[in-house]
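Report on the structure
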Amino acid sequence: MRSRFAALALSLGCSGARSRATPPLAPTATVERAEPARAGWAVVAPRDRPPRIDGVAALSDGSMVILSGSGVFRVSARAEVRPSCAIDPDLVVGGLHASGSGWWTLAGEAFAPAVFHGGAGAAGCAREALPPLVARNAPPGPLRSTQSGADSLVWSSAGPIARSRDGGHTWQRMPSLPEVVAMAASGATLYAAALLGSPNSRTPFNRHGYDVFSLPEGETRWTLSAAPGDRAAPVALLPREEGGVLGLDALGGFEINAHGDGRVAASTGPHFARDRPRLLVGAAPDSAIGLAEGMLSVHRLSGWRPLPPLPEERVATAFDRAPDGSLVVSDGRELWRVREAEAPTLLLRTPLGGGRPARLAASGAVIAALTGPFRLSVSRDGGETWTSTVIPSEAGGARSLSVLPGGVVAVITAEPPSAAGALPTGALWVVDAGLHRIELPSGARVFESGASLHAIGDRWILVAGDVLVSDDQGAHWRPTLGAPQGRGEGWGVVSLAAASGRTAYALDNAGALWRSDDAGDQFVTISPGRPAEGAAALRQPQPSSDWLRWDGGDALLASVGRQLIRFDREGHGAPLATVRSAVFGAAVEGGALIATSAVPSNAVECVRDGEPLLMAASSAGNLFPIPAACDHRAVAWALDGDALYTVDADGLIERASLRGLWREAIESGPP
Amino acid sequence: MLVLSQLLSAPSEAAEPPERDLPAATLALAEARASYAETLSRSDFREDAPAMRALAETLAPLLADTWRRHRPLRNHAVELMQATAGDGLRPFLDAIPGMRFALARSWLRWHDDPTLLAELSSSEHPALLRVLALYRPERAAPLAPLLRDADPAFGRDGICHTALLLPPVERRAFLDGTISAIVAQAPRDNWPACIRLAVEHPAGRRWLQSAVLDAHYAPSGALRERWAPIAAALLTASGPVDPRVLTRLAGWGEHFHAAADASSRNELVTALERQSPSWPDTAAARRPAVLSFLRATGSAAVRLWPLRRSLGDPTLFRDALAALASPAVDPITLAEAVRVVGLTAPLDARSRAEALGALELLRSRLLPWGIVSVSPREIDRWHSAIELARPCAGDGCAAVLESATDPLAARTVMLGAPLEREAVARVVVRRVVVAGEDFVTSDGVVTSPSALAAVMLARAPSCPPPLRGLATVRPAIVGRGRTSWLDPWRERLIARCTLEARRP
């Protein structure tokens, strides 16, 4: 956790926690002209909750706890989030369980497991060390945990088991049983389902087959129950009121009574392979909740039924049953309440409305983010409050997002081309008080990348193959820069940068730089780019890797193919460095800050899930990754003067000083 | 939110079903799949039960609508369309050409629709005619001209494969019409299925026998020239075979004993394995010769053990015991040996004690020898199956099979459960169909995680109505091709069940 919640949770005095606190929130963005020496990372949004949800547990008092990274947070019924526990970030944390109005979670590995638990309404948590869950002659194996009635159970696949009957305060060792996949306590007897074959074995047999074992109170050995016949995991074991256990699994279900006699249900469970649950968790006394490919289903002895899916194709990743019978479901970012035959309702939202962020833009106090192809979230107060709009899916995918100086947010979308070789049909969507669709002028060419909207004063400047301007908010467009003599349809402007005053620069796909000093009415070439090789040799603009950015002062940074070029205001260019697939960049002092999705081989440890790598280029053209930025794992960037905004895959928006970040990198970089 | 119950209550004459967005369509489709599973279970896994056909009609508008409106759900919808092929899909078949193509095979299974053949492209004809012949043997006549026109090197094998599954009368008619085309080529230029088919015709048998008797190759060289399927076909042929041929094949068997020719042996084992669904048809008088040839392939040919088991090879139990005790045996053979010992151990006390002793020895070696292909718990289950299984009679057998572990159920069936009784058959079918979803393939080993399924599918001498549900066994991996060991057995089962279902 790198949010301020870690710092708040830390102050609660949870043992074992280490500081990863970040500086407090910075004031709303302003264009800073000073030369800050430090990056000064600050959280912009969300400010009232952690961005990610890894686990959820519903407590008996109606509140919930969520696990986010190494932090546990309490969520009230009114969706107020309070940090509850900070766990040592080096510990693997898994399995968050409600125990009455308290909660507990398992952390660490088999050699030194620990349980963190918090009481009803209490802030803070306590740590209890468990005995090592290792067995002789067996690899340690992963840890699992469950809460069954009043019994808290923790075990390792190697066999050792520990049980607590007081909400996780004290733990006792139980007789071992290897390869347990599910456990339940029913009356004075423990039941466990254990796999027939080791998951590590090369055997093709019984990858899912399991047997049910029972352990009556006081016994020292588990007894095999022959009752349920042949079964296939996953399985949920549910205690029966009259003793014994109800098992619901991938094939259907069975019951074992208190005497060990069994009955197999007539139901076969899901018939189609794709409906087979990957995970089954006991919910009500007679049902279990299954999770298959992000879709939830409720399983009973009589059969199974799907539960209403989360909207907008969200995938359920964690869930728990609330005391009122509903389910609290997380899609990894938001919390939903799901009931059978009812549309899900949102319990805890994120500023960006879930989904992986794709584009970010900022200007002054206005910040906009696109998540997925269609959801546009806008804050007009520097990230404090957000509104969300959904662009109709018929519009196709978003190709650009911009915040114009007046606070107008604009998105250019493109429907897939109707015929092979044709260009997509585009539209401009503008968000002010509402969402408006503005048709692009005929002849506009919406390439994969390069279509964008800019503004100088009241004038809009559209880049869509050619450059077009409008003085009436898109009602009428006038082309002002088109293909030069001898260049055909292969020519196009790939990027435009509106500079100070009425100056704008445009970069075409031949690498030529154009300047206009009258807000886009007339352009003149100030740098010729590559020698003309004939129209046939010109290529379409490269996705994302050809762009132009003005640094707010005297320099422009352009990415053309693999070349990063610094231009001065007169168009004198000097190659700065060679970077493949630069997706973002800005000139800083004599060098630049660049994000690339083609990570150099010497920096792979920085990138985990394909996030682009942020690198500093010194004025001499030396490139080196910025390890401090690696931790932020940004997937999209926006620049507003010196303020560099980043958003990570979870929707956490942060801000840093561009110059401070660059300076830090240069000073701490190799000589 | 629309759920299936609302959908089903909608009047059927509503031409245009309500428009659903993607989440609602996803939910409705999942509801439909749950209903399908429930109805199939209630119908004792008989896809032709009235309730199943009624469900097919009810689901048709939903499936067609989902197919048309929601591209991401098409594969899901088609899967259910292919399982149901309701008559209600007919208008949509005409309206949506792509769906017509996707559904053609299962459509022909349920509906006699000659216009479909005419409208689809000629490249699809052979496949469609084969499906038609499989489910409607009386419509098998076009197969013969199809084979005569087909390229011997490419087009014939699939047609012969289908012909092998035809009932005797139709198969004979097909052979009469095609044998001249088949024997016009040298046996080595024909594909295995046609060779297996030709052996049923006197002319074809002469053709194959002379090929074997005239062969002057060394056995290993001969086998490389596609003699393996010829040998397998002649061995398993249901008609008379020249004794000199069997002598020569026995000589080849000797060769396998003497020479460690791994590639030739592997080829022969593969040919014999492909022949496996036809084994139960082998002439009883020739079984000793067949078995001696099979045994000659050596203990490494573990893929043939299920065949030896289904032929009742009395020496298989001893071979499996020896494998369990051998320190040199490979992991896959070991796993199969545990199963074979458990299934074939005779009921007498001494044999059972030998089997239990061998399993105990293996269990004690698992950890010290680092054996991971067999789990201790699997051995324990076979141990208790050998101890507990007894021949059962009457409907009480159903209760035994219901709650038995898979090894115990499989051994009970091997010992002779009354499968002709409806209650017993229902339990067996349910267990096999449910376990059938979990069949896995591994390096061509003929096996499944369910011993009961392996026993039942390799057994089924006929398909009485209570066992007809076995034909609904469906491999778990969507889109699995002919690499699954289950498919030839399932095809044979379908062929037999279709035949049985049509008997007055």
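So, here's what we can say about the structure.

This brings us to the pattern of salt bridges. Evaluated as defined, the whole model comprises 48 salt bridges over all chains. Salt-bridge contacts for Asp65(B) lead to Arg68(B); the nearest nitrogen and oxygen are separated by 3.6 Å. Taken as a pair, Asp65(B) and Arg68(B) lie in helix H3 (residues 50-69) at a separation of three residues, close to a single helical turn. According to the relative accessible area criterion, Asp65(B) is buried, its value standing at 2%. For Arg430(B), the salt bridge is made with Glu402(B), and the minimal N-O distance between the two is 2.7 Å. In this pair, Arg430(B) is assigned in helix H25 (residues 422-436) and Glu402(B) in helix H23 (residues 396-403), connecting sequence segments 28 residues apart. Each of the salt bridges in this network shares a partner with another, and the network as a whole consists of Asp151(A), Arg163(A), Arg165(A) and Glu217(A).

Two cysteines joined by a covalent bond between their sulfur atoms form a disulfide. Evaluation of the coordinates by the stated rule reveals three disulfides over all chains. Across the disulfide from Cys85(A) sits Cys125(A); the S-S distance is 2.0 Å. Measuring handedness by torsion sign, the sulfur bridge of Cys85(A) and Cys125(A) sits at about 60 degrees and is right-handed. Residue Cys85(A) is located in strand S5 (residues 81-86), and its partner Cys125(A) is located in the loop between strand S8 (114-118) and strand S9 (126-129); the two are separated by 40 residues in the primary sequence. Both residues of the pair, Cys85(A) and Cys125(A), count as buried. Sulfur-sulfur distance for the disulfide between Cys392(B) and Cys397(B) comes to 1.5 Å. For the pair shown, Cys392(B) and Cys397(B) are each scored as buried.

Another point: the packing of aromatic side chains. Residue and element names in this part refer to chain A. Scanning all chains against the criterion turns up three aromatic pairs over all chains. Here Trp-104 and Trp-171 contribute two aromatic rings whose centre-to-centre distance is 5.6 Å and whose plane-to-plane angle is 70 degrees, an arrangement assigned as edge-to-face. Separated by 67 residues along the polypeptide, Trp-104 in strand S7 (residues 102-107) and Trp-171 in the loop between strand S12 (161-164) and strand S13 (172-174) bring together distant segments of the chain. For Trp-104, a relative accessible area of 0% translates into the label buried.

What counts and what doesn't
Residues numbered from 1 in each chain as written. Chains lettered and ligands numbered in written order. Predicted model: local features only at pLDDT ≥ 70, side-chain atom pairs only at ≥ 80, totals over all residues. Heavy atoms only, no water. Salt bridge = Lys/Arg side-chain N within 4 Å of Asp/Glu carboxyl O. Helix = DSSP H or I, 4+ residues; strand = E, 2+ residues; numbered from the N terminus. Buried < 20%, exposed > 50% of the residue type's maximum accessible area, 1.4 Å probe, protein only. Disulfide = S-S within 2.5 Å. Phe/Tyr/Trp six-rings, centres within 6.5 Å; stacked < 30°, edge-to-face > 60°.

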